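# Chains, contacts and geometry: an overview
Here are the chains, one letter per residue:
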Amino acid sequence: MKSFRNDMPRAVLFFIVFSIVCGFIYTGAVTAVAQIAFPRQANGSIIEIGGKKYGCELLGQQYTDESHMWGRIMNIDVSTYTDKDGKAVMYAGPSNKTPAGEELESLIAERVEMMKAYNPDMENTPVPVELVTCSGSGLDPHISPAAAMYQVKRIAKANGMPEEEVISIIEKCTDEKFLGIFGSETVNVLEVNLMLDGIL
Amino acid sequence: MIKMVLPYILYLAILVILAFPLGLYIGKVMNGEKTMLSPVFLPFEKAVYKIIKVKADEEMSWKKYLSCTFLFSAAGLVFLTALQMLQAYLPGNPQRLPNVPWDLSFNTAASFVTNTNWQAYTGEATLSYLTQSLGLTVQNFVSAATGIAVLFALIRAFNKVKSKVIGNFWVDMTRILIHLLIPLNFVIAICLVAGGVVQNFKPAETVSLVEPIAVSSEGNIIEDAVIDMDTETVTVNGEIIDNAEIVTEQIVPLGPAASQIAIKQTGTNGGGYFGVNSAHPLENPNNFTNIIEMTGLLLIPAALCFTFGRNIRNKKQGTAIFMAMFLMLVVSLGVIAVSEQSATPQLSQNGAVDISATMQPGGNMEGKETRFGITASSTWAAYTTAASNGSVNSMHDSYTPIGGMITMLQMQLGEVIFGGVGCGLYGMLAFAILTVFIAGLMVGRTPEFLGKKIEPYEMKWSVLVCLATPIGILVGSGIAAAVPAVLESLNNPGAHGFSELLYTYSSAGGNNGSAFAGFNANTPFLNISIGLVMLFVRFLPIAGILAVAGSLAAKKKVAVTAGTLSTTNAMFVFLLIVIVLLVGALSFFPALSLGPLAEFFSCTF
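Read on for a plain summary of the structure.

About the thresholds
Residues numbered from 1 in each chain as written. Chains lettered and ligands numbered in written order. Predicted model: local features only at pLDDT ≥ 70, side-chain atom pairs only at ≥ 80, totals over all residues. Pairing = 2+ DSSP bridges. Helix = DSSP H or I, 4+ residues; strand = E, 2+ residues; numbered from the N terminus. Axes fitted to C-alpha atoms, helices over the stretch in contact; angles between N-to-C directions. Parallel < 35°, antiparallel > 145°, perpendicular 65-115°, else oblique. Left-handed = near helix turned anticlockwise from the far one by under 90°. Contact = placed C-beta atoms within 7 Å. Nonpolar A, V, L, I, M, F, W, Y, C, P; charged D, E, K, R; others polar. Buried ≥ 20, exposed ≤ 12 C-beta atoms within 10 Å, placed from the backbone.

### Describing the sheet that holds strand E2 (residues 226-228) of chain B
Residue and element names in this part refer to chain B. The strand order across the open sheet built from 3 strands is E2-E3-E4, with neighbouring strands paired in antiparallel fashion. Where the open sheet ends on each side, the last strands, each with one partner, are E2 and strand E4 (239-241). Between one strand axis and the next, the sheet turns by 35° as a mean value, whatever way the strands run. One ladder, built from 3 bridges, connects E2 with strand E3 (residues 233-236); its direction is antiparallel. For Ile227, the partnering residue across the bridge sits in E3 and is Val234.

### A look at the sheet that holds strand E6 (residues 142-143) of chain A
Residue and element names in this part refer to chain A. Read from one edge to the other, the open sheet built from 3 strands follows the order E6-E8-E7, with strand pairing classed as antiparallel. Pairing within the sheet leaves two strands with one partner each, and these edge strands are E6 and strand E7 (174-175). Where E6 and strand E8 (residues 186-188) come together, 2 bridges link them in antiparallel fashion. Pairing of His142 across the sheet is with Asn188, part of E8.

### Comments concerning the packing of helix H6 (residues 129-159) of chain B against helix H7 (residues 169-195) of chain B
Residues and elements named next belong to chain B. Where H6 meets H7, the axes come as close as 9 Å, and the angle between the chain directions of the two elements is 120°. As the angle between them shows, H6 and H7 are arranged oblique. Considering the relative orientation of H6 and H7, their crossing is right-handed. Across the interface between the two elements, Phe141, Ala144, Ala145, Ile148, Ala149 and Phe152 from H6 touch Phe169, Asp172, Met173, Ile176, Leu177 and Leu181 from H7. When its residues are assigned to classes, the contact of H6 with H7 shows 11 nonpolar, no polar and 1 charged.

### Overview of the environment of Glu211 of chain B
Its location among the elements puts Glu211 of chain B in strand E1 (residues 205-215). Taking the number of C-beta atoms within 10 Å as the measure of exposure, Glu211 of chain B has 13 and is therefore partly exposed. Put simply, Glu211 of chain B and Lys28 of chain B are 183 residues apart on the chain and 58 Å apart in space, counted from C-alpha to C-alpha. Those residues in contact with Glu211 of chain B that sit more than four places away from it in its chain are Gln62, Tyr63, Thr64, Asp65 and His68 of chain A.

Put into structure tokens, the structure is as follows:
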């Protein structure tokens, strides 16, 4: 009991010391270095042109217009967040559906039909899996080159541009695997669409 | 083929190459030996001793060590619960988030103090910046340090002869934090920011959407809507929809993320800054950050195997334990990778969907990010459930039945395949004690481990340490399955629904913290019961390990003879693996056959 009474204040003191060190000093030092050395990344990699914020390079958006490139399936959430004036803003999350269940099976069947209806020139090509599945974050900003190429004919037609131009835009927005080995090749959908719209 | 396997091999190679030197460094630090970095860190270490009035060479009995561990954790638990319940009244809350309810506060506090980081909340929607940094970041650090400290009490006990003391808790904690965790994570956090992880104290940004979204007055998305932005009207098939709201902006959540993400990875904590954890593009933007976060996840647990070998002056023993863990990890990773790449019939739709791996990752991409594909997602899933980390970069709820089962099984084995920092290795050492005892029975000799006789006292505690996880999981999920209200938390029907429940308690019972995230765990019953399971499986083993340490330290060393069972050869590695699988698999086979196995057989046949 005696040692208990000695140890208690020390436990609290030790906790306070490292709360200050890890909670304030460490977090503060990382923030300071981050804001000085990497201000763009540290503040959300936002695409800003002429004062207007056109989107976040790292967050996916939903596209349904035929002239735009489509991304992953999104589970849109407009009820959780609002802006400063209380107006609803968009966010998204994962589906958490099992890939071995009937529910997802019928959803995917519907999505395949829709992809085929919107991309009639690709009738005989299987639909790349990313175009009919929801991502892990629900906010995946990328699709694979296969999923991008699948849409080239539709995008070219809807924008009245030659397919080569669409392909060259896709190539500009494609990132290689990290060090040529790790992860996957990705196409940034927002960047493609901003280029198609002539903004980027 | 080689091209597909190569990234997996490289991921594992990077881990081993970095873990080895780090292990030796940790060994030096914990013995108070000089390292290249001690001129920088030693003054800080000494300053801490001065503030808390501790002498570095004053050691503690195991009971005192244990009571300090409990008191310190209790202080953290009380403070963190209170901080959440009062966050609305405190500064550092630019999003003006309300106070957290008591049951969720308790659950989150228990979760972070026990190094589990189970999350029944969504970070960006629930916790203020102050709560995240002063509450969660701090616990991320100190709960990791606590696990490592307890491990070192045990390591020291093997070296001591007829000693009543096993080291000083405050000294161990200070050395781990000052020499290892804080500097390592500072460097990692900066790398993460360079790669695109956010780090600031600004309120969330909003950016415009390329295509506005029409929402009905009930809050549902209106499909096939035509939006006229000039008149702000929404029409569907030519009919105007009244009271429709047009959403034109997207939220970009911000905050001090990178600093917390670094330690949540390296401290095997796993609690994401954002709700979807490292699948979130602002938490893990690309494969540069992914490789740092993923390697960081297993780095210290793997390094500690080598530390163990070095500090007991028996490097082969460290390597033997490492090999047992590594082999189990490789098998798990292989099974997960193959089943995710092959996907399911429901996904491939008789060939209508392309799941091949040409120009795309292919396979089961439901719940996975394009940039990580199958390789980086499967590797992460194997790492995070092997280590009791629990962070994810893909949604385990959407894994194939077999892939999901392996992640569950790794947690159910007691988180000893590397496991949490410190606790994984001390858990594995309890299994090693069990193994020498069983092997000793078979050959009819008094069992001994590292020159210490293993007697009934050590055995009783080791068995409790090994069984804490199965007891926590099976009792917890058994009770929960009988509570009618829990059914409403399930996100998928049938066998997969049961898997969600089993995964939840496996995660809590393994102090892992990952989730089949469709499961809604934020109800009072689940918050409290899961909180209690987490506390039980964390602190019962800590008490057991320290009791064993105290007893071992007091014993004399027995000489190694020709008859001594070798604990460093392949035979021992094999025996150890068998014992781990035996305890884990036998405890859980019935439960697994009701969940993932049932789902696998019904989806394939």
